[in-house]
Amino acid sequence: FRRVLFRSSASTDLATTGNRSSEPINSSGIEVNPDEVVEVIETNIVIVGGGLSGLAAAVQAAENGDDFILLEAQATLGGNGQGVEGTFAVDSRFQKEQNIQVDRSIIMQEELGKTQWVADGLLYKDLCDNSAANIEWLVDQCGCELEGTIDNYPFGVSVGSVDTFHWWKDGAAYVGYVLPLQQQLRDAGADIRLNNRALEFSYDESGKVNGVYAIDAFGDLVQYQAKAVIVATGGFADDDRRMTKWGFDLTTLERIGTPGHFGDGINMTIAAGAEEFNGVCYLKYNRISHQVEKFGAYWGAFAFGGPMLWVNQDCERFVDEGYVFRVGNAITQSAAVHGQNGVAYSIFDQAIYEKQLADNADAAAEWKVDLAEQMEAIIAAGDDVWRADTLAEAAEAAGLDAAALQAAVDEYNAKCAAGKDDLYGKDAQYLIAIQQGPFYIAKIHEAIEGPLGGVKTNRKFQPVLTDGGVLDNVWVIGLDGIMLYRDVYPIDVPGSASAECINGGRSAANQAHE
């Protein structure tokens, strides 16, 4: 690359015409003033983001012999991918070694069927066609490590339909994927800029994207000029503006994942004229309390649903409380709660409470927790669970209308007595009347991972412009541009999101090389 000290406003004007807005593009409201650029650094390819997809792009670019710079806004590489347990592939050498055969038509029926065939089947075809070569490249050329039996990712009520899940070493991508790829980049002498947050595209005098503006580790504004830009900033979970636009109540929402996903790549690409993707997918979970582990025995016992009654703020029942078990997807469990402004109330009595303790005893032992102790601590802290001898007292403590709640419980108990939910069709095994105190009210709030998607892209991961065509020297990959899903992440084909991150990274780097 070439460094150029850059303080001439006349030159800056040429480098920043095009589609720049007078308002800050980034969600943090940071003003990007080209006159304040202290340095221009030139390279062939700039990769914005060092998570799963950005790392794949960077290692591929290094293998291709390209001059590139990898920018990462955080102090470490890996992004959301650090905690990913494994990834998807079809017809890999590793599956063949374990005598595993996968029918691709099942993948198509499961994944596309969940979206009512709205998603593009050719995206899945491309992923399936490339998946074996991608994972074999990672292991054979990049030193990544797998271990264990390839399976369908059995996860509580969620069990995949096909054995496509290749587990990373120690069940963590940070160990089996991130660390080996970091080493590959170090060995290649790659230029990695941590704590460099890219905020906007820069443009040449014709309006074509020619790089990005970033705040570097010293707080200075730097322009990274490049012939090609690969955007991989990990989605917009921390972009309050966009999360609010998609209907989330930020006062109750709990965001799961690594920090710093401000939607910068999405915002700069949309500002450049790209079309916003309207099928953004979220991994949705119910949460009760803020002081217990996110995915543990307490979660399974009390947040999944089942024999409880769920009502909204107005004490109206709005769903079959056992629907997660019916659809077999734990990741869709808060979809109904999202429709109630992200909050619901779970009502149960002592008998149901004791049943849940007993039914989840094995899970509690596995997690090495005492569910009763956890519940007592939560109630004592007043952390969204209330208990009282009467339903009216519990309702008052929770801030609910006691008369309305009693009416909802009476109506629900009548259905339990009849053994039939004639409103939502709840399975009879979960129809247990709420009768004997003490009574419990647990406030459910929604938690999300993702979001998955933001910019509409074509099969080559190029952003599609609202007025037609594409940004031909820009690629949007990973969670910024993934388009496999619609609203809910179907776990029936496990590992597809991480595999698409890897696929997009390699594809974008190879196209930028050409």
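Predicted, not measured: the structure shown is a model, and the values here were computed from it.

Let us look at the side chain of H445. Within the element layout of this structure, H445 appears in strand β15 (residues 439–452). Take H445: its relative accessible area is 3%, and that puts it in the buried class. Here the side chain of H445 touches E254 through a polar contact of 2.7 Å, side chain to side chain. For H445, the residues in contact, after removing those within four places along its chain, are T252, E254, Y285, N286, R287, I288, S289, H290, G342 and D384.

Once that is clear, we can look at the packing of helix α2 (residues 52–63) against helix α17 (residues 496–513). For the pair α2 and α17, interaxial distance at closest approach is 7 Å and the crossing angle is 35 degrees. Note that α2 runs across α17; the crossing there is right-handed. Across the interface between the two elements, L52, S53, A56, A57, Q60 and A61 from α2 touch S498, C501, I502, G505, R506, A509 and N510 from α17. Residues belonging to the contact of α2 with α17 are distributed by class as follows: seven nonpolar, five polar and one charged.

By the criterion of burial, β15 is predominantly enclosed, with twelve of the 14 residues buried. Relative to β15, strand β13 (residues 343–349) runs antiparallel, the two sharing seven bridges. Residue pairing across strands places F348 opposite Y440, the latter belonging to β15.

With 155 residues, the main nonpolar core has Y177, F201, V212, I347, L405 and I441 as its most contacted residues. Counting residues per element, this core draws most heavily on β15, at eight residues. Discounting chain neighbours no more than four positions away, the residues touching I441 are Y345, S346, I347, D384, V385, W386, A394, A395, A398, L400 and L405. In terms of nonpolar packing, the next biggest core, distinct from the first, is built from six residues, V37, V40, L199 and L221 among them.

Mapped onto the elements of the fold, N503 is located in helix α17. In this structure the side chain of N503 is engaged in a polar contact, spanning 3.2 Å, whose partner is the side chain of N130. The contact partners of N503, leaving out residues within four places of it in the chain, are D126, L127, N130, N134 and F461.

This paragraph deals with the packing of helix α4 (residues 104–114) against helix α5 (residues 121–140). The N-to-C vectors of α4 and α5 enclose an angle of 140 degrees; their axes lie 11 Å apart at closest approach. As summarised for this structure, α4 and α5 are arranged oblique, according to the angle between their axes. At the point where α4 passes α5, the crossing takes the right-handed sense. In this structure, α4 uses R104, I107, M108, E111 and L112 to contact α5, whose residues at the interface are G121, Y124, K125, C128 and D129. Grouping the constituent residues of the contact of α4 with α5 by class yields five nonpolar, one polar and four charged.

Inspection of the entire model under this criterion finds 18 aromatic pairs. Arranged with centres 6.4 Å apart and planes meeting at 65 degrees, the rings of W246 and Y282 form a pair that is edge-to-face. In this pair, W246 is assigned in the loop between α7 (240–245) and β10 (254–255) and Y282 in strand β11 (residues 281–287), connecting sequence segments 36 residues apart. Residue W246 is classed as partly exposed on the basis of its relative accessible area of 23%. An angle of 25 degrees between the planes, with centres 5.7 Å apart, marks the rings of F302 and Y353 as stacked. Of the two residues, F302 is situated in helix α9 (residues 297–303) and Y353 in helix α12 (residues 350–359); the sequence distance between them amounts to 51 residues. Take F302 and Y353: they sit in the same class, and that class is buried.

On to the environment of D362. With respect to the helices, strands and loops of the structure, D362 is situated in helix α13 (residues 361–367). With 65 residues separating them in the primary sequence, D362 and A297 have C-alpha atoms 8.7 Å apart.

Close inspection of predicted coordinates is inappropriate in any region flagged by low pLDDT. The share of residues in the protein with pLDDT of 70 or more is 95%, and the mean pLDDT across the chain is 92. The low-confidence segment residues 1–18 (pLDDT under 50) makes 48 contacts with residues lying over four places distant or belonging to another chain.

The buried count for β13 comes to seven of seven residues, which makes it a mostly enclosed element. Neither face of β13 is left uncovered, since the one carrying V343, Y345, I347 and D349 and the one carrying A344, S346 and F348 both have all their residues buried. Sheet topology places strand β12 (residues 309–311) next to β13; three bridges connect them, and they run antiparallel. What sits directly across from W310, in β13, is S346.

Take empty space enclosed by the protein next. All told, the structure shown has two cavities of 30 Å³ or more when counted by the stated rule. If you add up the space inside the largest cavity, you get close to 70 Å³. Lining the largest cavity are L123, D126, T457, N458, R459, F461, G481, I482, M483 and E500. A class-by-class count of the residues in the lining of the largest cavity yields four nonpolar, three polar and three charged.

Counting across every chain of the model gives 24 salt bridges. A salt bridge links R193 to D191, with the nearest nitrogen and oxygen atoms 2.7 Å apart. Comparing R193 with D191 shows no difference in burial state: the two are buried. Taken together, the shared-partner salt bridges connect D91, R104, K125 and D129 into one network.

That bond from G437 to P438 is cis: its omega, 5 degrees, falls within 30 degrees of zero. Secondary-structure assignment places P438 in the loop between α16 (402–418) and β15. Cis geometry is adopted by the peptide bond preceding P451, which originates at G450 and carries an omega value of -5 degrees. Relative to the helices and strands, P451 resides in strand β15. The backbone phi angle of N99 is positive, close to 55 degrees, even though this residue is not glycine. Among the structural elements, N99 can be located in the loop between α3 (93–97) and α4. The exposed category is assigned to N99, whose relative accessible area is 71%. A positive phi is found at S289, a non-glycine position, where the angle reads about 75 degrees. Relative to the helices and strands, S289 resides in the loop between β11 and α9.

Here is what the cut-offs are and how they apply
Residues numbered from 1 in each chain as written. Predicted model: local features only at pLDDT ≥ 70, side-chain atom pairs only at ≥ 80, totals over all residues. Heavy atoms only, no water. Helix = DSSP H or I, 4+ residues; strand = E, 2+ residues; numbered from the N terminus. Buried < 20%, exposed > 50% of the residue type's maximum accessible area, 1.4 Å probe, protein only. Polar contact = N/O pair within 3.5 Å; in protein donor to acceptor, adjacent residues only side chain to side chain. Contact = heavy atoms within 4.5 Å. Axes fitted to C-alpha atoms, helices over the stretch in contact; angles between N-to-C directions. Left-handed = near helix turned anticlockwise from the far one by under 90°. Nonpolar A, V, L, I, M, F, W, Y, C, P; charged D, E, K, R; others polar. Pairing = 2+ DSSP bridges. Core = buried A, V, L, I, M, F, W, Y, C linked by side-chain atoms within 4.5 Å. Parallel < 35°, antiparallel > 145°, perpendicular 65-115°, else oblique. Phe/Tyr/Trp six-rings, centres within 6.5 Å; stacked < 30°, edge-to-face > 60°. pLDDT = per-residue confidence, 0-100. 1 Å grid on protein atoms, 1.4 Å probe; cavity = no way out; pocket = protein on both sides within 12 Å on 5 of 7 lines; lining within 4 Å. Points joined across faces, edges and corners; volume = space filled by probe spheres on them. Salt bridge = Lys/Arg side-chain N within 4 Å of Asp/Glu carboxyl O.

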